[in-house]
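Structure at a glance
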Amino acid sequence: MEMRKLGSQGLEVSALGLGCMGMSEFYEGRDDAESTATINRALDLGVTFLDTADMYGVGRNEELVGRVVRERREWVVVATKFGNVRGQDGSFQGINGRPDYVRQACDASLRRTGLDMFDLYYQHRVDPDVPIEETVGAMAELVTAGKVRYLGLSEAAPETIRRAHAVHPITALQTEYSLWSRDPEDGLLATVRELGIGFVPYSPLGRGFLTGQFRTPDDIPADDYRRNNPRFQGEAFARNLDLVKEIEAIARDKGCTPAQLALAWVLAQGSDIVPIPGTKRRRYLEENLGALDVTLTDEDRARIDRIMPAGAATGTRYAAPQMAALGR
């Protein structure tokens, strides 16, 4: 397994991580046995970087990851997040970055996972009502207390990242980045590279759209979050599918799958980038890891850029309420 340095504080992880969110919520179906097998298979194949959050499944995802990791803790890097507050009924109750909540959330996540420390602890979304210095100050206290090794932010704006980094070194920024979500190229990547912060793209497969598995909106299960995502609806779906068909043609020429091509493209954007494609099935995990064997030439990358330049996707990344919480 290729390893990559994440940030400049000493954290090293596998070049591809595993996003665990969909194992517990948002996407159709839930099979804890297959999810457990998928995490174990990932670890067997050299994946060392697992991503979860306290809001995924209202804590169930942390519990699932913890059950697996406790048996193999010595070399697994576990990242979790706080800040998106949900009630036990699943209701979304806002964003909280207050210092007292930071401490409470970390302790609750440690209890759910059964771990005594997290390798990487992210603020999931920036709280606009709490100065970032106060939130990161509380996160830094967790490092001092031995509950967290490294700190991260998610979907934060460049100026917020600079202010946070001045309080305590930030090791990683997690933000959506893929062939159809190239917003980080507009100054965000430059900022984290200047500061020596690693970059962790989530949804590097466009929530599955870039794999080609969806040909009509009816292919999306009724209980799947993507039915309400702007890029998966109506005219946007049709336009985005046209882009995916072009990607499929390049993948055929390269002798790989569209998913592998899309991941290879993200991996090729820099050795400081560690994507975390999510899956809850072993067969997709193994397909995704095949991206590490796909080499893109300059000609390949130029062809991809012609087909899918920044801004090519139709529709916003999220619905309006969720979009308002990005880039703070």
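Because the structure is a prediction, the values reported are computed rather than measured.

This next bit is on the overall build of the chain. A tally of helices and strands in the chain yields 11 helices and 11 strands. Against the compact-globule benchmark of 20 Å for 328 residues, the chain has a radius of gyration of 19 Å, which places it among compact chains. By principal-axis analysis of the C-alpha atoms, the chain measures approximately 50 × 40 × 40 Å. The contacts in the chain between residues at least 6 apart in sequence include a share of 75% that link residues at least 24 apart. Of the accessible surface of the chain, which amounts to about 13100 Å², a share of 47% is contributed by carbon and sulfur atoms.

With that settled, the discussion passes to the UniProt feature "domain: NADP-dependent oxidoreductase" (unreviewed entry) in the chain. The positions that UniProt labels "domain: NADP-dependent oxidoreductase" (unreviewed entry) are, in the present scheme, residues 16-307. Annotated as residues 16-307, this span is 40% helix and 14% strand, and its ends, taken at the C-alpha atoms, are 25 Å apart.

What the 7 strands build is an open sheet, ordered 3-4-5-8-9-10-11; its pairing is parallel. Looking along the sheet, the strands with just one partner apiece sit at the ends: strand 3 (18-19) and strand 11 (198-202). Across 5 bridges, the pairing between strand 10 (residues 172-176) and strand 11 is parallel. Its bridge partner lying in strand 11, Q174 is registered against V200. Contacting strand 5 (77-82), strand 8 (118-123) and strand 9 (148-154), helix 3 (residues 99-113) runs over the sheet at an angle of about 135 degrees to strand 8.

Two elements in contact, helix 1 (residues 32-44) and helix 9 (residues 282-289), have axes separated by 9 Å at closest approach and are oriented at 25 degrees. Taken together, the axes of helix 1 and helix 9 lie roughly parallel to each other. Where helix 1 crosses over helix 9, the two elements pack in a sense that is right-handed. Residues E34, A37, T38, R41 and A42 of helix 1 pack against R282, L285 and E286 of helix 9. Grouping the amino acids of the contact of helix 1 with helix 9 by side-chain chemistry returns 3 nonpolar, 1 polar and 4 charged.

The element strand 9 is largely enclosed, with a buried count of 6 among its 7 residues. Pairing geometry for strand 8 and strand 9, over 5 bridges, is parallel. Bridge assignment links Y122 to a residue of strand 9, and that residue is G152. Handedness of the crossover is the feature at issue here: the chain leaves strand 8, passes through helix 4 (residues 132-144), returns alongside strand 9, and the resulting connection is right-handed. Here strand 9 runs beside strand 10; their pairing, made up of 3 bridges, is parallel. Among the inter-strand pairings, L153 is bridged to a residue of strand 10, identified as L173.

Moving on: the nonpolar core. If you look at the biggest cluster of nonpolar residues, it comprises 81 residues, and the most contacted ones within it are L18, I39, L153, I161 and L173. The element that contributes the greatest number of residues to this core is helix 8 (residues 258-267), accounting for 8 residues. Not counting the four nearest positions on each side in its chain, L153 is found in contact with Y122, Q123, I132, V136, I161, A164, I170, A172, L173 and Q174. Formed by 16 residues, the second largest nonpolar core is a distinct cluster that contains F49, A172, V274 and Y318.

A full pass over the atoms with the stated rule returns 10 aromatic pairs. When the centroid spacing of 5.1 Å and the interplanar angle of 25 degrees are considered together, the rings of F82 and Y121 count as stacked. Of this pair, F82 sits in strand 5 while Y121 sits in strand 8, and the two are 39 residues apart along the sequence. Accessibility assignment for this pair places F82 and Y121 in one class, buried. With a centroid separation of 6.0 Å and 85 degrees between ring planes, the pair formed by W180 and F232 is classed as edge-to-face. Of the two residues, W180 is situated in the loop between strand 10 and helix 6 (188-195) and F232 in the loop between strand 11 and helix 7 (234-254); the sequence distance between them amounts to 52 residues. Given the relative accessible area of 5%, W180 is considered buried. Among the aromatic residues, those joined into a cluster by ring pairs are W180, F209, F214, F232 and F237. Above the plane of the ring of Y318 lies R207, whose end atom (NZ or CZ) is 4.7 Å from the centre.

Let us now look at the pattern of salt bridges. Evaluation of the coordinates by the stated rule reveals 27 salt bridges. With a shortest N-O distance of 2.9 Å, E2 and R4 are connected by a salt bridge. E2 sits in the partly exposed class, given a relative accessible area of 37%. As a salt-bridge pair, D119 and R149 come within 2.9 Å of each other at their nearest N and O atoms.

Thresholds, definitions, all that
Residues numbered from 1 in each chain as written. Predicted model: local features only at pLDDT ≥ 70, side-chain atom pairs only at ≥ 80, totals over all residues. Heavy atoms only, no water. Helix = DSSP H or I, 4+ residues; strand = E, 2+ residues; numbered from the N terminus. Rg over C-alpha atoms; globule rule 2.2 N^0.38 Å. Contact = heavy atoms within 4.5 Å. Areas by Shrake-Rupley, 256 points an atom, 1.4 Å probe, with all protein chains shown as cover. UniProt positions renumbered as here; feature names shortened; annotations may be inferred. Pairing = 2+ DSSP bridges. Axes fitted to C-alpha atoms, helices over the stretch in contact; angles between N-to-C directions. Parallel < 35°, antiparallel > 145°, perpendicular 65-115°, else oblique. Left-handed = near helix turned anticlockwise from the far one by under 90°. Nonpolar A, V, L, I, M, F, W, Y, C, P; charged D, E, K, R; others polar. Buried < 20%, exposed > 50% of the residue type's maximum accessible area, 1.4 Å probe, protein only. Right-handed = clockwise from strand over helix to strand, strands pointing away. Core = buried A, V, L, I, M, F, W, Y, C linked by side-chain atoms within 4.5 Å. Phe/Tyr/Trp six-rings, centres within 6.5 Å; stacked < 30°, edge-to-face > 60°. Lys NZ or Arg CZ within 6 Å of the ring centre and 35° of its normal. Salt bridge = Lys/Arg side-chain N within 4 Å of Asp/Glu carboxyl O.

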